[in-house]
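# A look at the structure
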Amino acid sequence: MDVRIEASWKEKLAEEFEKPYFGQLAEFVRAEYKQFTIYPPGGKIFNAFDACPFDKVKVVILGQDPYHGPGQANGLCFSVSEGVPLPPSLQNIYKELKDDLGTPPPASGDLERWARQGVLLLNATLTVRRGAAASHQGKGWEEFTDAALRMLSQEREHLVFILWGAYARRKGAFIDRMKHLVIESAHPSPLSAHNGFFGSKPFSKTNEYLTQYGVEPVSW
């Protein structure tokens, strides 16, 4: 199957695109886009990969579902397009960023500036129906994103995997902790941020680790 995705990822994930589950997933997604309003826009489904080639990845932040409100999802987890009000989880991420590094919260919620520096902002599920959270879970996306994570864990060294919340921790359970740094905490959602997300200092921990291995830190 010919999938429009950044060249290095296309090569790495070539086997996945030929598996039966991916064909079924592609059929399901195409039908959903024809029948319903689906986020993100079709051209942005693989935005996390397109913005961050395989060999450029330094950090992986794992999300669950794209935002399901109008105009929010842009294919990068936790990110919203320029001019869109910041969702509560992103507000809390920015609050922790300020507390951790002293960085003033940016006005924009578009995290592409992180992606271009090697932060893979990957949702477990890459599409969602408008107003219906989790509507595309269990259709095959999770298997596909697991394959991408497994490849990074196996083929790269000294990456940082940031797993916020129980879902991300379960999904990232197989990551090789001998080769990589795994940072785990509560989710930045208002429901859980006070249970260990605030004060977890993921941004400074990430940059300290990268610097330790001679990798340029992220300008958060």
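Scoring rules and cut-offs
Residues numbered from 1 in each chain as written. Predicted model: local features only at pLDDT ≥ 70, side-chain atom pairs only at ≥ 80, totals over all residues. Heavy atoms only, no water. Helix = DSSP H or I, 4+ residues; strand = E, 2+ residues; numbered from the N terminus. Buried < 20%, exposed > 50% of the residue type's maximum accessible area, 1.4 Å probe, protein only. Contact = heavy atoms within 4.5 Å. Phe/Tyr/Trp six-rings, centres within 6.5 Å; stacked < 30°, edge-to-face > 60°. Expected span 1.5 Å × (residues − 1). Salt bridge = Lys/Arg side-chain N within 4 Å of Asp/Glu carboxyl O. Disulfide = S-S within 2.5 Å. Pairing = 2+ DSSP bridges. Axes fitted to C-alpha atoms, helices over the stretch in contact; angles between N-to-C directions.

### Looking at the side chain of serine 89
With respect to the secondary-structure elements, serine 89 resides in helix H5 (residues 88-101). When its relative accessible area of 12% is taken as the criterion, serine 89 is described as buried. If we skip the residues at most four places from it in the chain, serine 89 touches Phe78, His187, Pro188, Ser189 and Pro190.

### A look at the packing of aromatic side chains
This model, assessed by the stated rule, comprises 19 aromatic pairs. Centroid distance tyrosine 21 to phenylalanine 22: 6.2 Å. Interplanar angle 85°. Geometry classified as edge-to-face. On the accessibility criterion, tyrosine 21 (11% relative accessible area) is buried. Seen from their ring centres, tryptophan 141 and phenylalanine 144 are 6.0 Å apart, and the 65° between their planes marks the pair as edge-to-face. Placement of the pair is tryptophan 141 and phenylalanine 144 together in helix H7 (residues 141-155), with a separation of three residues, close to one helical turn.

### Overview of H5
Three- or four-residue spacings in an α-helix give side chains the same orientation, since the helix completes a turn every 3.6 residues. The terminal C-alpha atoms of H5 lie 20 Å apart, and with 14 residues this matches the ideal 20 Å at 1.5 Å per residue to within 8%. Of the surrounding secondary structure, the elements contacted by the buried residues of H5 are helix H6 (112-115), strand S5 (160-164) and helix H9 (202-212). Positive phi shows up at glycine 102, right after H5, with a value of about 80°.

### Quick word on the pattern of salt bridges
Summed over the entire model, instances satisfying the criterion amount to eight salt bridges. Across the pair glutamate 16 and lysine 19 runs a salt bridge, and its minimum N-O distance is 2.9 Å. By relative accessible area, glutamate 16 is classed as buried at 11%. A relative accessible area of 33% places lysine 19 in the partly exposed class. With its nearest N and O atoms 2.6 Å apart, the salt bridge here joins lysine 171 to aspartate 146. Taken together, the positions of lysine 171 in helix H8 (residues 166-171) and aspartate 146 in helix H7 put the pair 25 residues apart, joining distant regions of the chain. Its relative accessible area of 7% is what places lysine 171 among the buried residues.

### Section: the state of the cysteines
Summed over all chains, the structure comprises zero disulfides. In this model cysteine 52 remains outside any disulfide bridge; the closest cysteine sulfur is found in cysteine 77, 11 Å from its own.

### Here we look at the sheet that holds strand S3 (residues 119-123)
Strand-to-strand pairing in sheets goes through backbone hydrogen bonds, with the strands running parallel or antiparallel. Strand order across the open sheet formed by four strands is S3-S2-S5-S6, with parallel pairing between neighbours. Each edge of the open sheet is held by one strand with a lone partner, namely S3 and strand S6 (181-185). Taken pair by pair, the neighbouring strands of this sheet meet at an average axis angle of 15°, ignoring direction. The pairing of strand S2 (residues 59-63) with S3 spans five bridges and is parallel. Bridge assignment links glycine 63 to a residue of S3, and that residue is asparagine 123.

### Let's talk about the pairing of S3
S3 sits mainly inside the fold: five of its five residues count as buried. Along S3, one buried face is formed by Val119, Leu121 and Asn123 and the opposite face, lined by Leu120 and Leu122, is buried too.

### As for helix H3 (residues 20-35)
For H3, with 16 residues, the first-to-last C-alpha span of 23 Å sits near the 22 Å given by 1.5 Å per residue. Tyr21, Phe22, Gly23, Leu25, Ala26, Val29 and Glu32 are the residues of H3 that are buried. Where the residues of H3 are buried, they touch helix H2 (14-17), strand S1 (38-39), strand S4 (128-129) and H7.

### Observations concerning unusual backbone geometry
The residue after tyrosine 39, namely proline 40, is reached through a cis peptide bond having omega -5°. For proline 40, the location among the structural elements is in the loop between S1 and helix H4 (47-50). Of note in the backbone geometry, alanine 134 takes a positive phi value of approximately 70° without being a glycine. Tracing the backbone through its elements, the reader meets alanine 134 in the loop between S4 and H7. The partly exposed category is assigned to alanine 134, whose relative accessible area is 34%. The backbone phi angle of histidine 158 is positive, close to 60°, even though this residue is not glycine. Mapped onto the secondary structure, histidine 158 falls in the loop between H7 and S5.

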